[in-house]
Amino acid sequence: MVYGKIDLFDVKILNLTKEDVINEIEKIISNKGKEKFYFVNADCFNKAYSDLEYKKILQSAKFVLGDGSGVRYASKIVKTPIIDNVNGTDLLPMICDYAQKAKRKIFLLGAKPNIAEKMKENLLKIYPNLEIVGTHHGYFDWEKQSNEIVNKINDSDAEILLVAFGAPFQEKWINEYYPKINCNIQMGVGGLFDFFSGTIKRAPKWMRLLGIEWIFRLVQEPKRMWRRYILGNPIFIYRLYRWKREKIK
Ligand code: UDP
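Novice: Talk me through the environment of I215; I want residue IDs and the actual numbers.
Specialist: With respect to the secondary-structure elements, I215 resides in helix 11 (residues 213-220). For the pair I215 and I230, spaced 15 residues apart in sequence, the C-alpha to C-alpha distance is 9.7 Å.

Take a look at the structure:
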């Protein structure tokens, strides 16, 4: 299947639905392939603006998925409207449902100690036959401990690896260790484990449908989030118009 692409800041977002993502995951695993999956929202583009290493990683990945209202708005501005909001939080239940049915094994790497275990417990209540074959927190010494963690992941025989260090750290870690990791699907998922472990509450569905989940996150964690949203959203839009103008020249 050939998907459309949305070019934002010279990063190509694949224009697919959440169902398409699941179909692609199944295809990659059954063909014994290996792919990286990254989500990008407005904040990610703001980070990539001053972090060229991160930007290059996004530019080199095939599966870059557009997440959030900022990207949806931007996709309209560049006249290739995004067809779905493919965010990790909505996608995870679909991945679990698929993995349970297809007997695919999952490894959870990231977040503070015990969060991934708590998330596993919660997921098993909903998907009792889901095989979560390993967990590890995300606060370790990259230089000294990464190889040990890679071995643990490979020993688990997981096909799907979810990495939750937040952007851009998870993308950088995946990019570095991807060749050594056997998992077919290596996905960066941001703060997802905090939601599914019950550590942080997610916005109610009506807010998500209106595209204002960011307001909920801002109210929950104002100190950390004001920079991301109050400053970040206008900066993102300003840079988008400037990038578009320069691109057309
Ligand atoms: N985190 C981690 N290791 C680190 C720093 C952060 O595992 O060295 C985790 C942190 O505990 C949180 C997630 O990464 O669960 C980052 O969440 P955030 O909401 O910032 O990510 P976003 O979704 O915005 O990318």
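Novice: Tell me about the packing of helix 1 (residues 18-30) against helix 5 (residues 88-102), and name the residues and values.
Specialist: Direction vectors running N to C along helix 1 and helix 5 enclose 40°, while the axes themselves pass 10 Å from each other. Viewed along their axes, helix 1 and helix 5 adopt a mutual orientation that is oblique. Note on packing geometry: the crossing formed by helix 1 with helix 5 is right-handed. On helix 5, the residues that touch K18, E19, V21, I22, I25, E26 and I29 of helix 1 are D90, L91, M94, I95, Y98 and A102. Here the residues of the contact of helix 1 with helix 5 are counted per class, giving 9 nonpolar, no polar and 4 charged.

Novice: Any details on the side chain of N15? Residues and values, ideally.
Specialist: Tracing the chain through its elements places N15 in strand 2 (residues 11-15). A relative accessible area of 12% means that N15 is categorised as buried. Engagement of the side chain of N15 in a polar contact is seen with the backbone oxygen of P81, the distance being 3.0 Å. Once residues lying within four places of it in the same chain are set aside, the contact partners of N15 are Y3, G4, K5, I6, T80, P81, I82 and I83.

Novice: Go over the site of the ligand with me, naming the residues and quoting the values.
Specialist: A111, G138, Y139, D194 and R228 are the nearest of the 15 residues found near the ligand. Within the contact set of the ligand, a nitrogen atom lies 2.7 Å away from a backbone nitrogen or oxygen of G138. Interatomic distance of 3.1 Å between a side-chain N/O atom of R217 and an oxygen atom of the ligand. Burial of the ligand by the protein chains amounts to 79% of its free accessible area of 550 Å². When its residues are assigned to classes, the shell around the ligand shows 5 nonpolar, 5 polar and 5 charged.

Novice: Tell me about the environment of F236, and please be specific about residues and values.
Specialist: You can see F236 is positioned in helix 12 (residues 222-248). Here the alpha-carbon distance between F236 and S197, two residues 39 residues apart in the chain, equals 30 Å. Once residues lying within four places of it in the same chain are set aside, the contact partners of F236 are F9, A42, F45, N46, G70, V71 and A74.

Procedures and definitions
Residues numbered from 1 in each chain as written. Predicted model: local features only at pLDDT ≥ 70, side-chain atom pairs only at ≥ 80, totals over all residues. Heavy atoms only, no water. Helix = DSSP H or I, 4+ residues; strand = E, 2+ residues; numbered from the N terminus. Axes fitted to C-alpha atoms, helices over the stretch in contact; angles between N-to-C directions. Parallel < 35°, antiparallel > 145°, perpendicular 65-115°, else oblique. Left-handed = near helix turned anticlockwise from the far one by under 90°. Contact = heavy atoms within 4.5 Å. Nonpolar A, V, L, I, M, F, W, Y, C, P; charged D, E, K, R; others polar. Buried < 20%, exposed > 50% of the residue type's maximum accessible area, 1.4 Å probe, protein only. Polar contact = N/O pair within 3.5 Å; in protein donor to acceptor, adjacent residues only side chain to side chain. Near = heavy atom within 4 Å. Areas by Shrake-Rupley, 256 points an atom, 1.4 Å probe, with all protein chains shown as cover.

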